[in-house]
Amino acid sequence: MSAAAENAPGRAKVIPIESAPSWTSPEGAGLADRLAGAVGGALSGPLGPAATRLFGKGWEGRAAEGLAFLRRRVTGDYEVDEFGFDRELTEEVLLSLLRPLAEKYFRIDVQGVENIPAEGGALIVANHSGTIPLDALMTQVVIHDHHPNRRHLRMLAADLVFVLPGINELARKAGHTLACNEDAQALLERGEVVGVWPEGFKGIGKPFSERYKLQRFGRGGFVSSALRARVPIVPCSIVGAEETYPMIGNVRTLARLLGLPYVPITPTFPWLGPVGMLPLPTKWTIRFGEPIATDTYPAEAAEDPMLVFDLADEVRETIQHSLYQLLVQRRSVFF
Amino acid sequence: MGCSTVGVVVLVTGVARHLGARFVAEVRRRPGVDLVVGVDVQPPRLPVEEPAGPAAPYRFHQLDLRRPALSRVLAEHRVDTVVHLSVSATGLGSTNRSAVKESNVIGTMQLLGACQKAPGVSRLVVKSTTGVYGSAPRDPAVFSERIQPKDPPGGGFAKDASEVEGYVRGFARRRPDVAVTVLRFANIVGPDADTPLSEYFALPVLPTVLGYDPRLQFVHEDDAVAVLCRASGEPEPGTVNTGTFNVAGEGVLLLSQCARRLGRPTLPLLLPAVSWMAVLARQTRLVDVSPEQLRLLTHGRVVDTTRLRETFGYRPAFTTPEAFADFAAARGPGLLPPERLAAVTDRLAALLGPEGSAAVPNRPRRPRS
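Please read these numbers as outputs of a predicted model, since none were measured by experiment.

## Structural notes on the overall build of chain B
Summing up its helical and strand segments, chain B has 14 helices and 13 strands in all. Across the 369 residues in chain B, those meeting the buried criterion constitute 55%. Pairs at least 24 apart in sequence give 79% of the contacts found in chain B among residues at least 6 apart.

## Describing the overall build of chain A
Across its full length, chain A carries 13 helices and nine strands. In chain A, the proportion of contacts linking residues at least 24 apart, taken out of those at least 6 apart, comes to 76%.

## Details of the sheet that holds strand S2 (residues 33-40) of chain B
All names here are of chain B. If you trace the seven strands from one edge of the open sheet to the other, you get S3-S2-S1-S4-S5-S6-S11, paired in parallel fashion. Of all strands in the sheet, those bounded by a partner on one side alone are strand S3 (58-62) and strand S11 (243-247). In this sheet, adjacent strand axes meet at a mean angle of 20° when their direction is disregarded. Bridge count for strand S1 (residues 8-13) against S2 is six bridges, and the pairing is parallel. Across the sheet, the residue bridging to Val12 is Gly38, located in S2. Sheet contacts for helix H4 (residues 97-117): S1, strand S4 (81-84) and strand S5 (123-129); angle to S4, the most-contacted strand, approximately 175°.

## Quick notes on helix H5 (residues 87-105) of chain A
All names here are of chain A. At Leu95, H5 shows its largest kink, close to 45°. If you check which residues of H5 are buried, you get Glu88, Leu89, Thr90, Leu94, Leu95, Leu98 and Ala102. On its buried face, H5 is in contact with helix H4 (59-75), helix H6 (134-146) and helix H8 (167-173). The first or second residue beyond H5 is Arg107, which carries a positive phi of 45°.

## Description of the sheet that holds strand S4 (residues 177-178) of chain A
As a general point, the strands of a sheet are linked pairwise by backbone hydrogen bonds and lie either parallel or antiparallel. Residues and elements named next belong to chain A. Overall, mixed pairing links the seven strands, which are arranged S1-S9-S6-S2-S5-S3-S4 in an open sheet. Only two strands of the sheet have a single neighbouring strand rather than two, namely strand S1 (109-111) and S4. Judged from the four bridges that link them, strand S2 (residues 122-126) and strand S6 (residues 233-239) form a sheet pairing that is parallel. Its bridge partner lying in S6, Ala126 is registered against Cys236. Strands in contact with helix H13 (residues 305-329) are S1, S2, S6 and strand S9 (285-288); relative to S6, the strand with the most contacts, it is inclined by about 35°.

## Some thoughts on the side chain of B:Thr108
Residues and elements named next belong to chain B. With respect to the helices, strands and loops of the structure, Thr108 is situated in helix H4. Reaching out from Thr108, the side chain makes a polar contact with the backbone oxygen of Asn104 at a distance of 2.5 Å. With sequence-adjacent residues up to four places away left out, Thr108 is seen in contact with His84, Val87, Ser103 and Val164.

## Digging into the packing of H5(A) against H6(A)
All names here are of chain A. Where H5 contacts H6, the axes come no closer than 9 Å and their chain directions differ by 110°. Relative to H6, the element H5 lies roughly perpendicular. Touching Thr90, Glu91, Leu95, Leu98, Arg99, Leu101, Ala102 and Glu103 of H5 are Leu134, Leu137, Met138, Gln140, Val141, His144 and Asp145, all from H6. When the residues that make up the contact of H5 with H6 are grouped by side-chain class, the tally is eight nonpolar, three polar and four charged.

## Looking at the confidence of the model for chain B
All names here are of chain B. Across chain B, pLDDT averages 86, with 92% of residues at or above 70. Per-element confidence in chain B is highest for strand S6 (residues 179-185), whose mean pLDDT is 96, and lowest for helix H1 (residues 3-6), whose mean pLDDT is 45. Overall, residues 1-5 carries pLDDT values under 50, and its contacts beyond four positions in sequence, including any with other chains, amount to seven contacts.

## Points about the packing of aromatic side chains
In the structure shown here, the tally under the stated rule is twelve aromatic pairs over all chains. Each ring, one from B:Phe201 and one from B:Phe324, has its centre 5.3 Å from the other, and the planes form 75°; the classification is edge-to-face. Of the two residues, B:Phe201 sits in helix H6 (residues 196-201) while B:Phe324 sits in helix H12 (residues 320-330), which places them 123 residues apart along the sequence. Pair check on accessibility: B:Phe201 and B:Phe324 agree, each one buried. Each ring, one from B:Phe324 and one from B:Phe327, has its centre 5.6 Å from the other, and the planes form 45°; the classification is tilted. One end of the pair, B:Phe324, and the other, B:Phe327, are both in helix H12, three residues apart, so they sit about a helical turn from each other. Here B:Phe324 falls in the buried class, since its relative accessible area comes to 0%. In this structure B:Phe327 comes out as buried when scored by relative accessible area, which is 1%. Among the aromatic residues, ring-to-ring pairing joins B:Tyr200, B:Phe201, B:Phe218, B:Phe324 and B:Phe327 into one connected group. Between the NZ or CZ atom of A:Arg211 and the centre of the ring of A:Phe208, over which it lies, the distance is 4.2 Å. The ring of B:Phe312 has B:Arg230 sitting right over it, with the charged end atom 5.8 Å from the ring centre.

## Observations concerning helix H10 (residues 291-299) of chain B
Residues and elements named next belong to chain B. Here H10 has its buried residues at Gln293, Leu294, Leu296, Leu297 and Thr298. Contact partners of the buried residues in H10: strand S7 (187-189), H6, strand S8 (206-209), strand S9 (215-216), helix H8 (255-262) and helix H9 (271-283). Looking one or two places after H10, you find Gly300, whose phi comes out positive at around 70°.

## Let's talk about the environment of A:Trp197
Locating A:Trp197 in the fold gives a position in the loop between strand S5 (193-196) and helix H10 (201-204). Among the residues examined, A:Trp197 registers a relative accessible area of 7% and is labelled buried.

## Details of the side chain of B:Asp64
Residues and elements named next belong to chain B. Considering the arrangement of structural elements, one finds Asp64 in the loop between S3 and helix H3 (70-77). With a relative accessible area of 15%, Asp64 lands in the buried category. Here the side chain of Asp64 touches Arg66 through a polar contact of 3.0 Å, side chain to side chain.

## With respect to unusual backbone geometry
Residues and elements named next belong to chain A. Phe269 connects to Pro270 through a cis peptide bond whose omega is 5°. Here Pro270 is to be found in the loop between strand S8 (264-265) and S9. Within the chain, Arg107 stands out as a residue other than glycine whose phi angle is a positive 45°. Within the element layout of this structure, Arg107 appears in the loop between H5 and S1. With a phi close to 65°, Thr131 is a non-glycine residue in the positive phi region. Mapping Thr131 onto the fold places it in the loop between S2 and H6. Note on Thr131: relative accessible area 8%, which makes it buried.

Conventions and cut-offs
Residues numbered from 1 in each chain as written. Chains lettered and ligands numbered in written order. Predicted model: local features only at pLDDT ≥ 70, side-chain atom pairs only at ≥ 80, totals over all residues. Heavy atoms only, no water. Helix = DSSP H or I, 4+ residues; strand = E, 2+ residues; numbered from the N terminus. Buried < 20%, exposed > 50% of the residue type's maximum accessible area, 1.4 Å probe, protein only. Contact = heavy atoms within 4.5 Å. Pairing = 2+ DSSP bridges. Axes fitted to C-alpha atoms, helices over the stretch in contact; angles between N-to-C directions. Bend = angle between axes of the 7 residues up to and from the residue. Polar contact = N/O pair within 3.5 Å; in protein donor to acceptor, adjacent residues only side chain to side chain. Parallel < 35°, antiparallel > 145°, perpendicular 65-115°, else oblique. Nonpolar A, V, L, I, M, F, W, Y, C, P; charged D, E, K, R; others polar. pLDDT = per-residue confidence, 0-100. Phe/Tyr/Trp six-rings, centres within 6.5 Å; stacked < 30°, edge-to-face > 60°. Lys NZ or Arg CZ within 6 Å of the ring centre and 35° of its normal.

Here you go:
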């Protein structure tokens, strides 16, 4: 960029843009021109040094990147995949919003990220907790930020996510999809890193007294998907999420009325209102364990219920064991 | 099948519509086609244009598929290939839903009955829709041909199409000697395709459902015609053209992306408000947005086209974004033309000086092969 700056003669010069031939309305052009002139004059004149001081060196470059991003967004010039994953939006906006939570608030300690393959499909299986699936979102952030290839985690989410307006839109754009065999297999066969929380609502909505006790792993459908796609299973243990919202009660009647799996009562919610919705600033550890290979099994292994249950149990034991280890090593919940 | 050596007689239903007319023009140019017979309840709106160069003769019969007159036509011309394109979301004359349903379902039953009695018929191609998968939040994100939807369409055109497919499957069982192809088309778009969704996209402001950004897929009408032609002839070596195939351009567009590329602002409204508006618009004959379309515009739908590419052996020339770009280019500019928005950001970037403008990639808007 600095080379370009040296070569260019002038600064605030309006460059004719080829791709914008239909600058039709004279009124709009006049207004934009005047605006452009004013802003340009101010920046090249008195405001320039001030802006440099305010935003730091190289702010022009960053502003230009921001404008280029804005340009692509407003003209619809970006791509989404078949599942609705909007890579650009996820990288530029969604992950940027979640990153402070992962780095500053929960101060996540990430271990064993090298156990996630550099390329090709993998199935991450993790424990679920904390009333709100923050643990899943945080896992997505740390995999993207810590993995050398900046891989994106494609999560399999409960159908409730895709029924709720707003949430379903964001979930699809962040690359999540419905937890069903078809989607899991399609993603794994495309070589994506897929994340699954097989405990489901049983895990995330369990009372605080049962913290770090893994619940039943459903029907083990995730194992069949991994066997069919012949991808490794990476067990993942998350410590710290259990204490973000310690669930001490559940308003069952209200939950049934609202069609939700549970309505939590925590020491702060609903007593403190919106403040009570803040998660407690616990210290987290996310550990990715040794991958469990599935390509050594014959092709028809996915249809063998005994083998599927055994493998699911193996994964579950591994996660539980690693959870206990991490808990023993933990100094305190908050530090 | 021996008929290909003698020359093929193709019967096409639904020729009064745009797609039918285009298919007729195309199939007449195919070598080995002796005669093309067109059938519809109305004569085509536009006069049939004589294709340049050698073309098979064309006959048009104005008849209602719901009446058994078709058997006579099949026998008279010794038809061996039937291409059934008249299953459609909208009626030609009336917009009455029950009349449309009757023409779709009863018309198909009559057609299949006539084909069953006609020993010469050796190939049947039926145009269906990806609407048979429905649109629901609890279904897989990508439908392959084998997936049974959890929420099958409860009514409307999509239900007609799934009933039609059921009758076609029955026909295929009773006449195993007939090569049957069912083509499930995504929304067909093109410079002048007259599909229901194009009416929606013609609105100056697009009402959308708040909190939902559906994934949509399109297929260009050129590809639709090419796929129909391929299905109505002998399969090329190494490919199979019988069975059920999803037909859609590669890739996906979100509704918000479509609106931005068209340059039309969106108006997000709560679902009940949008449903109410759709009913009002239908009653006032302003725009025909059916409940199933509303479901599509809420939950979206994406199909897997691996079978089309690998088994059927056809790769659509237009991807979904390219097909949509072609459609958008034929429409007038909207209230917020993308070129103009791009120009504003480009000007702002230009203000930042050469450093800034160097960072702006000047990508072409419509990559076309």
